[in-house]
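Observations on the model geometry
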Amino acid sequence: MATYNHFYELPVYKTCLAFRKKISSIAKKNFPKSEEFLLKAQTLDSSRSITANIAEGFGRFHHQENIQFSRQSRGSLDETLEYMFTSYDERYISKNIINDIK
């Protein structure tokens, strides 16, 4: 079993970081100005929460706390996906973008 000294070494963190960057790029390019403090802000916040919860959980001393933060991270991932589905429904992004991020 691999041992990691820092959260940013975790494979799951690296995958979620790439996802967060992709979501950020999509939101900044495709969302209209009217969504600046609404859907865009919520999407960016939830995507940032994915990696933030992984980092915070890694820093906890008890494994049960790490598990809880991992669950919160998974919830933030689902929340972000929901915002992307909403963005598609509002015609801010294309079906290709949705298929790419699934």
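On a predicted model such as this, the values are computed, not experimentally measured, just so you know.

Conventions used here
- Residues numbered from 1 in each chain as written.
- Predicted model: local features only at pLDDT ≥ 70, side-chain atom pairs only at ≥ 80, totals over all residues.
- Heavy atoms only, no water.
- Helix = DSSP H or I, 4+ residues; strand = E, 2+ residues; numbered from the N terminus.
- Contact = heavy atoms within 4.5 Å.
- Phe/Tyr/Trp six-rings, centres within 6.5 Å; stacked < 30°, edge-to-face > 60°.
- Buried < 20%, exposed > 50% of the residue type's maximum accessible area, 1.4 Å probe, protein only.
- Lys NZ or Arg CZ within 6 Å of the ring centre and 35° of its normal.
- Axes fitted to C-alpha atoms, helices over the stretch in contact; angles between N-to-C directions.
- Parallel < 35°, antiparallel > 145°, perpendicular 65-115°, else oblique.
- Expected span 1.5 Å × (residues − 1).

A look at the environment of N53
Tracing the backbone through its elements, the reader meets N53 in helix α2 (residues 39–58). Linking N53 and E65, residues 12 residues apart in sequence, is a C-alpha distance of 11 Å. Once residues lying within four places of it in the same chain are set aside, the contact partners of N53 are F69, Q72, S73 and S76.

Considerations on the packing of aromatic side chains
Summed over all chains, the structure comprises three aromatic pairs. An angle of 80° between the planes, with centres 5.4 Å apart, marks the rings of F7 and Y8 as edge-to-face. Classification of F7 as partly exposed rests on a relative accessible area of 26%. Here F7 and Y13 contribute two aromatic rings whose centre-to-centre distance is 5.0 Å and whose plane-to-plane angle is 80°, an arrangement assigned as edge-to-face. Linked through ring pairs, F7, Y8 and Y13 together constitute an aromatic cluster. Its end group placed over the ring of Y88, K95 keeps NZ or CZ at 5.4 Å from the ring centre.

Topic: the packing of helix α1 (residues 11–30) against α2
For the pair α1 and α2, the least separation of the axes is 9 Å and the interaxial angle reads 170°. Put simply, α1 runs roughly antiparallel to α2. Taken together, the residues of α2 that come into contact with α1 (itself represented by V12, Y13, C16, L17, F19, R20, I23, S24, A27 and K28) are K40, T43, L44, S47, R48, I50, T51 and I54.

Some details on the environment of Y8
For Y8, the position within the fold is in the segment before α1. Taking the relative accessible area as the measure of exposure, Y8 reaches 45% and is therefore partly exposed. Each C-alpha atom, one on Y8 and one on D100, is 24 Å from the other, the two residues being 92 residues apart in sequence.

Remarks on helix α3 (residues 63–89)
Its 27 residues place the ends of α3 39 Å apart at the C-alpha level, agreeing with the 39 Å of an ideal helix rising 1.5 Å per residue. Here α3 has its buried residues at F69, S73, S76, T80, L81, Y83, M84 and S87. Contacts from the buried residues of α3 go to α1, α2 and α4 (95–101). Where α3 ends, the next residue or the one after it, R91, has phi of about 65°, a positive value.

Thoughts on unusual backbone geometry
Here the phi dihedral of R91 falls at roughly 65°; this positive angle occurs in a residue that is not glycine. On the accessibility criterion, R91 (76% relative accessible area) is exposed.

What about the side chain of S47?
Relative to the helices and strands, S47 resides in helix α2. Judged by its relative accessible area of 1%, S47 falls in the buried class. In contact with S47, other than residues within four places in its own chain, are R20, I23 and T80.

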